[in-house]
Amino acid sequence: MGYDRAITVFSPDGRLFQVEYAREAVRRGTTAVGIKATDGVAVLVDKRITSRLMEPESIEKIFQIDTHIGAATSGLVADARILVDRARVECQINRLIYDERIGVEALSKKICDFKQTYTQYGGVRPFGTALLIIGAEDNRVRLFETDPSGALLEYKATGIGAGRAAVMEVFEAKYREDMNMREAILLGLEALYRASEGKLDASTTEIGVIMLEDKKFRKLEESEVAEYIEMLKSQLGGEA
Amino acid sequence: MGYDRAITVFSPDGRLFQVEYAREAVRRGTTAVGIKATDGVAVLVDKRITSRLMEPESIEKIFQIDTHIGAATSGLVADARILVDRARVECQINRLIYDERIGVEALSKKICDFKQTYTQYGGVRPFGTALLIIGAEDNRVRLFETDPSGALLEYKATGIGAGRAAVMEVFEAKYREDMNMREAILLGLEALYRASEGKLDASTTEIGVIMLEDKKFRKLEESEVAEYIEMLKSQLGGEA
Amino acid sequence: MGYDRAITVFSPDGRLFQVEYAREAVRRGTTAVGIKATDGVAVLVDKRITSRLMEPESIEKIFQIDTHIGAATSGLVADARILVDRARVECQINRLIYDERIGVEALSKKICDFKQTYTQYGGVRPFGTALLIIGAEDNRVRLFETDPSGALLEYKATGIGAGRAAVMEVFEAKYREDMNMREAILLGLEALYRASEGKLDASTTEIGVIMLEDKKFRKLEESEVAEYIEMLKSQLGGEA
Amino acid sequence: MGYDRAITVFSPDGRLFQVEYAREAVRRGTTAVGIKATDGVAVLVDKRITSRLMEPESIEKIFQIDTHIGAATSGLVADARILVDRARVECQINRLIYDERIGVEALSKKICDFKQTYTQYGGVRPFGTALLIIGAEDNRVRLFETDPSGALLEYKATGIGAGRAAVMEVFEAKYREDMNMREAILLGLEALYRASEGKLDASTTEIGVIMLEDKKFRKLEESEVAEYIEMLKSQLGGEA
Amino acid sequence: MGYDRAITVFSPDGRLFQVEYAREAVRRGTTAVGIKATDGVAVLVDKRITSRLMEPESIEKIFQIDTHIGAATSGLVADARILVDRARVECQINRLIYDERIGVEALSKKICDFKQTYTQYGGVRPFGTALLIIGAEDNRVRLFETDPSGALLEYKATGIGAGRAAVMEVFEAKYREDMNMREAILLGLEALYRASEGKLDASTTEIGVIMLEDKKFRKLEESEVAEYIEMLKSQLGGEA
Amino acid sequence: MGYDRAITVFSPDGRLFQVEYAREAVRRGTTAVGIKATDGVAVLVDKRITSRLMEPESIEKIFQIDTHIGAATSGLVADARILVDRARVECQINRLIYDERIGVEALSKKICDFKQTYTQYGGVRPFGTALLIIGAEDNRVRLFETDPSGALLEYKATGIGAGRAAVMEVFEAKYREDMNMREAILLGLEALYRASEGKLDASTTEIGVIMLEDKKFRKLEESEVAEYIEMLKSQLGGEA
Amino acid sequence: MGYDRAITVFSPDGRLFQVEYAREAVRRGTTAVGIKATDGVAVLVDKRITSRLMEPESIEKIFQIDTHIGAATSGLVADARILVDRARVECQINRLIYDERIGVEALSKKICDFKQTYTQYGGVRPFGTALLIIGAEDNRVRLFETDPSGALLEYKATGIGAGRAAVMEVFEAKYREDMNMREAILLGLEALYRASEGKLDASTTEIGVIMLEDKKFRKLEESEVAEYIEMLKSQLGGEA
């Protein structure tokens, strides 16, 4: 009865409907998954290409934030770009002021504090975007998920967007902490495969990885992605 | 039930109705198409002239943004002018600060970030305008489409405005990546021809092109346009 | 259902009702016409004098903007004064900064950009005024029409205000691009005559002209206007 | 249906109801008339004194603005005071900057521009006051009427306030441009007399005059007013 | 139908309901009267003491503003304090800048201009307070009444607050301009006596006077007030 | 019908409902009483302790403001803290600027002016807190009560909060101006005892006193409070 | 009927519904308890881990604020982060300005004043978070609870969040002021155990303690927590 029209209004049961509706915008977004391995961490996205006339690389869903940090987004694409730009600026500021790379958790908190602001003050709307932030620190990799409320959680493996439920089902069943990156990417692809009901294409699948060894974020080449998809398909064929 | 009255309000299913209504303003606009060729990129617009008393050149729908960038607009004309002016200023700023031409994607993102602002803060309305931005870079041409949400997509060939559906149908059926500029312009004209249900006139058709060779945006002379229309008509006559 | 209460709200079909209602304010205004000739350009207004107690010259509807630019207005008179003042200031600024006369189109765009601002930001209303702006450039004359949305169109001949429909009918039927100023003024007067259903009086008719020759805006003397009206009447008498 | 709640909202037929309602505030005000003569200009007001306990001179309705300018007001009295003060300040500013008296029309336009502001921006209401501004220039006298919209008209003779209709009827019937000041004041008094249905009293009638000869605004003494009323009464007695 | 919810909205008949409702706040206030005599001017207030536990002097309704100016208030007491403080500051500013006492009318106008501001701009409410301002000038005394609209009137004798109607009835019947201060105070007390339906007590009656002779505002001692009340009672006894 | 949703709106009968509702917040608060004696002044509060797990001293309801001023509060506790802090700052400012202790009435007015601000401007709510302010001046003690409207009254003895009616009944019946501090505290305790329907406990009763002798505010020790409660109980026992 | 839509609106019975609804957000949060012992003070939280894929340490509910201060939070997690950050900054400011550790109560009041601001001004919402703040001072430990209204209370033992009622029941029955830290932690665990209906796991239970001895906040290692849970289980087994 009107409690859901402004972010500055709590409903009688203590909810902020506008924030929950912004989460719906995420739930309408493309599926993205993040997964930790013993030797690295990866994000994978199944970009929806609805027309052959689109340039697939323009539907960017995985972004480098700093040399050691990357992110996958889901939800309103223009909002995502704003958040990614802000994250990049925060990283630069940290380098300028402290002359060192920002911590992955520190960056994730800054982004979440920024998002929280849009849930408490009038005249704005929350960001309709979730982010999976991956990064490497001294001796381990990190995988954070943010949502429109500004809440921050770390996962071993997780998913956002339209296919989240299907993704989490796969991960709950099959994720193991002793997986290496190759196994993790294959499991991540399998999750995307289940979420998309069996459609998966190297040209519309983005994968970003950070290996503990060199702590460098990089996006896989389409040929690498194709190889992994091949592996997955033969593996699933074996299972079937 | 009121979710569509303010851009700062999400609907329960995570939509921003005001942004969607602004897209309607675009859907009521003139039809514009963009198309990439192997040797260049072009935008074509079918300007609606409703009276012989109008000066056709005053209904400008294709604009030079920088020497190597051009744009076609559809939707609210006053909004389009604001965006075009801002784009031109961004190009000048880039030249002043970095002493070089702005990248086509960089410019397109700046325009989209500007648009996004008008979808998140209260007291304003989104821009009721879509843009097709074309440009040349070191070794390739670009074709971006922006919409009122601030989303940005790159296409091989695309259309905006009232005739978009008809245009896309033509492109999906006939577009080939190995077309040269001449073929591309003819296909773009055919798309406009279908969208306008067979009306097409050199005096009310604007064409802007950038060739990879010289990376210079230029608008075709009316005589050149007339020649292409003639070609199209004989070609269609042949098909018929 | 409420989409028409604020300029910052689009209706579901992508319209800005407040801007359309502001156009209604123009449609309730006095009739003004603009017309290009081979040797100049003119604006003509039929001022409504409802009482013999009014000083006719105080109902000014045609204004000099710069030596080479003039304008006729229709709609809310106080709004018109604000726009005319702003236009004059823009001309002065141009002279101060660039030491030259502002271009007619450049000025018209500045006025339209100013108007557009009042259609996108909350807490204000659009201007309820349309302007016909005439001016001379190096080798030609210009005639622009602006409306409350900030849209800008150039015409060969056009009309604003209550009598617009009647005016356009006359122009569509009789306007020729090879008319000289004398013929153009007579056609403009005829259009006003039709729009006012046959009433036309030298004391309540204002005419502003710019000749290509000297590029100077001047308002005709009442005696000159009377002469033209006489010519028109004998001409119409001949037609009848 | 709500179009009349905010000045920043046009009604579907292009009206600003709040401005029209502010005009109603004027229509509820005291009757004031202005009248030009060959040798000067005058304003006359019939102040309503509802109690013998009031000090009549405190119900001031005619104000000196500058040595050569005066004004009569009708409508909300506190609003009128604000406008009169602003007018006085504008006159002083003109003397300071240009070392000369402000023109009557220039001042009137400044007041009207000030009023217009209150009809276009949110969070304020229009002024509920009309002014009759009289003044002398080099070789003629001026009489301007402003209303809450910021519109400005010059009259030979006019009226504002509750009795406007009755006043205008008298003026339309009897006003002549060749009247001298004595005749004009008598006609103005007659107009007030008709508007007040035959009540007129020297102690509650204010008259302000400016003679072309000396260009000095002055308010008549009560004895002078009484003399004119006597003249009017004998004259009307003769007519009756 | 909603016209009375915001001061910035006129009703269709040109009224500002919020200002009228603020006048109701005054009509609910304590009764205060002001009265001019040949040799001075006085204000009298009947303070309502509802409990013997109150300190009567804390219910101050008559205030010294400057040495030569005093005021009585009725309506919201916190609003009255703000206005009284502002009036005192205005007096001090006048002494600082011009090195002389402020005129009574000049001060009253400043207070009224301040009040007017609260009737034209959004986001505030009008002051719910009326003031009777008395003061002495070179050769005469002044008595001004202000109301929440910012209107200013001078009276020979007047009243504000709950008992205004009863007070005015007494004054209309019995006030004479040739009264001396003693007679005026007795008539003021009689008015309060009628307004309070016959209750009047020295401890709850405040009287402030300014004599032309010394131009000094002073509040009468309770013993002086008691003496006047005695006089009034014996006088009324004589009448009864 | 909506007049009670904003503090900046008067109801048709001149009331400010939001201020009245804020008074309700006070009426739901703990009972506090203030009482003057011949040799000092005291405030007493019956703190509600609803759980044995609370630290009683954390439910502070009586505060030292300056060496010679104290206050008891009732209503929203967070609002009370803000007002107490502001009062302390005002005292410090006075000492810094004038090098002397602030007057009790001067401080009380400053607090009330601060509160009034929250009843006249939009976008805020009134303070939901009443204060009893006690203090000593040169030769007497003061006891002020403020309410959410910003009104200020001085009392000989008074109460605020849920038990106000019961308290005032006791005071009206038994208060005498010639009481000494011991008698006054006993009467204050009796009032609290009646208001709490016979419950009174030294650990939940706070008493703050200022003796004229030393003009120092101090809070009684729990043992002192217990002694007074004992005295009261034996006294009431004697009465019973 | 609308009183609950804005924090700046009191309901007719003096309540601020938005603040009460924010308390509901706390009531939906994780259960946290605080408990004082003779030799220290502790906070314990039962973090809800809903998936084995979450990194438990990322669901941080207990935070170090300064060396001698810690806090547990319940309610909206993004709001909690903002408040914790602000608390840390306040501690740093105190060290910078006064070169000493901030007092526990002083810090708690600063946080509560910050929260109060969000309950009195428009355009924001209250914080949907409660905090338990623990700290050590010279000779004692402190345990404060804040709620969304900005109210501040000190407890011997208390709880916030979904399990508060069950927690308080345990504490009311079994808490003793002479408990040492070991006993207090066991009782706190028991309270969490009852609130969670018998589920309690070392990996999802956080405990923060401050011992009077060293006044240092520290979080217990998971092994320590596991030991305490073992103790509790054997103890409960003994009871059962």
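Bear in mind that the values here come from a model prediction, so they are computed numbers and not experimental data. (Residues numbered from 1 in each chain as written. Chains lettered and ligands numbered in written order. Predicted model: local features only at pLDDT ≥ 70, side-chain atom pairs only at ≥ 80, totals over all residues. Heavy atoms only, no water.)

Caption draft 1: Seen up close, helix α5 (residues 181-195) of chain C. Residue and element names in this part refer to chain C. Here α5 is 15 residues long and its end C-alpha atoms lie 21 Å apart, about the 21 Å a rise of 1.5 Å per residue gives. Within the sequence span of α5, burial applies to Met-181, Ala-184, Ile-185, Leu-186, Leu-187, Gly-188, Leu-189, Glu-190, Ala-191 and Leu-192. Backbone geometry just after α5 places Glu-197 at a positive phi near 50°. (Helix = DSSP H or I, 4+ residues; strand = E, 2+ residues; numbered from the N terminus. Expected span 1.5 Å × (residues − 1). Buried < 20%, exposed > 50% of the residue type's maximum accessible area, 1.4 Å probe, protein only.)

Caption draft 2: Quick look at the sheet that holds strand β7 (residues 152-154) of chain F. Residue and element names in this part refer to chain F. The strand order β3-β4-β5-β6-β7 describes an open sheet built from 5 strands, whose pairing is antiparallel. On the outer flanks of this sheet lie β3 (62-66) and β7, each paired with one strand and no other. Neighbouring strand axes in the sheet, compared pairwise and without regard to direction, differ in orientation by 25° on average. Taken together, the 6 bridges between strand β5 (residues 129-136) and strand β6 (residues 141-146) define a ladder with antiparallel strand orientation. If you follow Ala-136 over to β6, its bridge partner there is Val-141. (Pairing = 2+ DSSP bridges. Axes fitted to C-alpha atoms, helices over the stretch in contact; angles between N-to-C directions.)

Caption draft 3: Representation of the UniProt feature "domain: Proteasome alpha-type subunits" (unreviewed entry) in chain A. As annotated by UniProt and renumbered to match this structure, "domain: Proteasome alpha-type subunits" (unreviewed entry) occupies residues 3-25 of chain A. Along residues 3-25 of chain A the backbone is 39% helical and 0% strand, and the end-to-end C-alpha distance reaches 19 Å. (UniProt positions renumbered as here; feature names shortened; annotations may be inferred.)

Caption draft 4: Representation of the pairing of β3 of chain F. Across the 5 residues that make up β3 of chain F, a large majority, 4, are buried. A loop of 2 residues connects β3 of chain F with strand β4 (residues 69-75) of chain F, the two strands running antiparallel in sequence.

Caption draft 5: Broad picture of the nonpolar core. Formed by 63 residues in total, the largest nonpolar core has its most connected members in Phe-10 of chain A, Phe-10 of chain B, Phe-10 of chain C, Phe-10 of chain D, Phe-10 of chain E, Phe-10 of chain F together with Phe-10 of chain G. Contributing elements (two or more residues each) for this core: α1 (17-27) of chain A, α1 (17-27) of chain B, α1 (17-27) of chain C, α1 (17-27) of chain D, α1 (17-27) of chain E, α1 (17-27) of chain F together with α1 (17-27) of chain G. Excluding residues within four positions of it along the chain, Phe-10 of chain C makes contact with Gln-18, Tyr-21, Ala-22, Ala-25, Leu-76, Arg-125, Pro-126 and Gly-128 of chain B together with Tyr-3, Arg-15 and Leu-16 of chain C. (Core = buried A, V, L, I, M, F, W, Y, C linked by side-chain atoms within 4.5 Å. Contact = heavy atoms within 4.5 Å.)

Caption draft 6: Representation of the side chain of Thr-146 of chain D in the model. Residues and elements named next belong to chain D. Relative to the helices and strands, Thr-146 resides in strand β6 (residues 141-146). Polar side-chain contacts of Thr-146 include one of 2.7 Å to the side chain of Lys-115. Filtering out sequence-adjacent residues up to four positions away, Thr-146 remains in contact with Cys-112, Lys-115, Ala-130, Leu-131, Ile-133, Ala-151 and Leu-152. (Polar contact = N/O pair within 3.5 Å; in protein donor to acceptor, adjacent residues only side chain to side chain.)

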